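Observations on the model geometry
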Amino acid sequence: MPGDSITMDFKYFFDTKGFKESGSNTSIVFNGTFLNNGSFPSLGYSAGNELGSDDDRKDNDLEPKERMMGRDNPIGLGQNFISDDSHGIDFEIIVGTVPDQIAIAPGYLQREWEENGRRYFHYKMDQKMMPFFNIVSAEYEVVKDKTTIALNDSTNREIDLGIYYHKGHEYNLESMMKGMKHSFKYFSENFSPYQYRQMRILEFPRYASFAQSFANTVPFSEAIGFMVKVEEEDDVDVTYFVTAHELAHQWWGHQLFPANVQGSAVLSETLSQYSALMVMKQEYPQEHLKEFLKEELNRYLRGRTTEQKKEMPLALAENQAYIHYGKGANIMYALQDYIGEDSVNVALNRLIIDWGNNTLERNGRYATTIDLIGYLREVTPDSLQEVITDFFDKIILYENKVDDATYQELGDDKFLVKLELNTKKMESDSLGLSTQVAINDWIDVGVYTEDENGDEKFIYLKKHKFSSDDNVIEIEVDQKPSSAGVDPLNKLIDRNPEDNTKKLSLAESS
């Protein structure tokens, strides 16, 4: 009954019987066990176990099923995106393992001891958390450090940092530690203070290739972090980025709990993509981010070709990874470019203050993208309100192309660049049918020069207003140009990002 409590005793067995050709359970292994709350009982009915694909449902005489509840659904608004059986739990756990391994779960270590040939670890959280937890056990080496963040009352909090890794996998420890320190500084200064006193990154085997953010604990696959090699000095460090992304979830997913409705992953994954990009923006020149943005754009473009139901606008994304990860990264990076990084961060700070933590008690529901967009509109000038609409509420694609690119030598180290550009703006429906719409948009035009190492750097990057398909632009620069183009960093959602820039050729004398 409401307000009542009950103690449940249960046993969980995992028995390996023979060998499977593929798809065997790799959660429990000799060295590197990684379990999560999915291995434990939960309360209520699990709609996630229903048949999802339209074809499977048709084969079983079932009607098609919507992927997610709408943003006005009172049931979804009263549930958080992690769990429909709890609004927060008190978490305490004792984990036993073999003597030469360290077992780790969310919470602060209360006690460690050995008994009857087993090694035990007792963890306890000091505040409520979502029913979303992990247990990891492995033979670990440990590197530790500390960082300090400022709190709202003008005091500081020291955060204990730890990386638990397999001996011999030391390659990216420095990058991970730097990523943690930079992330805590940026997120705490711009969004809200970090809520815990520790953070631990935990390596697990490459049976899976992901990282996942639990309360003050991030299991991190050796495949995408510990064994990644950054080939070139100017390559974006994927380990650094993933570290920042997962730490961002301590805000977007652990401070702010989205409602279980359309767009929930935007408030968790898209905002974590943005947060990590802003950390990278402090570390790398914008030229280095081009390949990352281009890869996220291609992730979106590939994903929409394999959509099984219907593509949704970003604000209504239904756990469609190609949208909330790929498109979301480009959209949020472009948005801070249009309205300013500080303005976006003010909006996110207001969002997390008003909707973070005990939001159900204060507001009677969990947050949605309607709330996010409302805060973004507050900090967006009237002249750019349409950008918010295009980015979040519509499916807008561009076809920006360089038709011709030449330059003239003017003397005195001056050069005149002439670009013939074609710009089209398309609006797509949920089934992928696109229609050209009028363009009246501010879009980047950039000119590069090559340095002595052959690397290209901007000597000109400025937004121009485009209101027609065919455009001719002339730009005077004071260094010899090498290439130029429209939207050269691939901030916008472009159907073919390969033709946005072009090598410049010397114009023929008239």
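Some remarks on the overall build of the protein chain
Counting secondary structure elements, the protein chain contains twelve helices and 19 strands. Computed over the C-alpha atoms, the radius of gyration of the protein chain is 25 Å, within 12% of the 24 Å expected from 2.2 N^0.38 for a compact globule of 510 residues. Its C-alpha atoms put the protein chain at 90 × 55 × 55 Å along the principal axes. Every one of the 510 residues in the protein chain was classed for burial, and the buried ones make up 50%. Across the protein chain, contacts joining residues at least 24 apart in sequence account for 67% of those joining residues at least 6 apart. A total of about 25200 Å² of accessible surface is found on the protein chain, and carbon and sulfur atoms cover 46% of it. Of the charged side chains in the protein chain, 52 are positive and 86 negative; the average position of the first set lies 3 Å away from that of the second.

Considering the packing of helix α6 (residues 264–283) against helix α9 (residues 341–355)
Where α6 meets α9, the axes come as close as 13 Å, and the angle between the chain directions of the two elements is 140°. Comparing the axis directions of α6 and α9 gives the class oblique. α9 is crossed by α6, and the crossing has left-handed handedness. Counted together, L267, L271, Y274, M278, K281 and Q282 of α6 and E341, V344, N345, L348 and L351 of α9 form the full contact between these two elements. Within the contact of α6 with α9, the residues separate by chemical class into seven nonpolar, two polar and two charged.

Looking at the environment of A367
Here A367 shows up in the loop between α10 (359–363) and α11 (369–378). Taking the C-alpha atoms as reference, A367 lies 9.3 Å from D354; in sequence the two are 13 residues apart. Setting aside residues up to four positions removed in sequence, A367 forms contacts with L256, F257, P258, A259, L267 and W355.

Cut-offs used in this document
Residues numbered from 1 in each chain as written. Predicted model: local features only at pLDDT ≥ 70, side-chain atom pairs only at ≥ 80, totals over all residues. Heavy atoms only, no water. Helix = DSSP H or I, 4+ residues; strand = E, 2+ residues; numbered from the N terminus. Rg over C-alpha atoms; globule rule 2.2 N^0.38 Å. Buried < 20%, exposed > 50% of the residue type's maximum accessible area, 1.4 Å probe, protein only. Contact = heavy atoms within 4.5 Å. Areas by Shrake-Rupley, 256 points an atom, 1.4 Å probe, with all protein chains shown as cover. Lys, Arg positive; Asp, Glu negative; His and termini not counted. Charge placed at Lys NZ, Arg CZ, Asp CG, Glu CD. Axes fitted to C-alpha atoms, helices over the stretch in contact; angles between N-to-C directions. Parallel < 35°, antiparallel > 145°, perpendicular 65-115°, else oblique. Left-handed = near helix turned anticlockwise from the far one by under 90°. Nonpolar A, V, L, I, M, F, W, Y, C, P; charged D, E, K, R; others polar.

On their own, these measurements won't tell you what the molecule is for.
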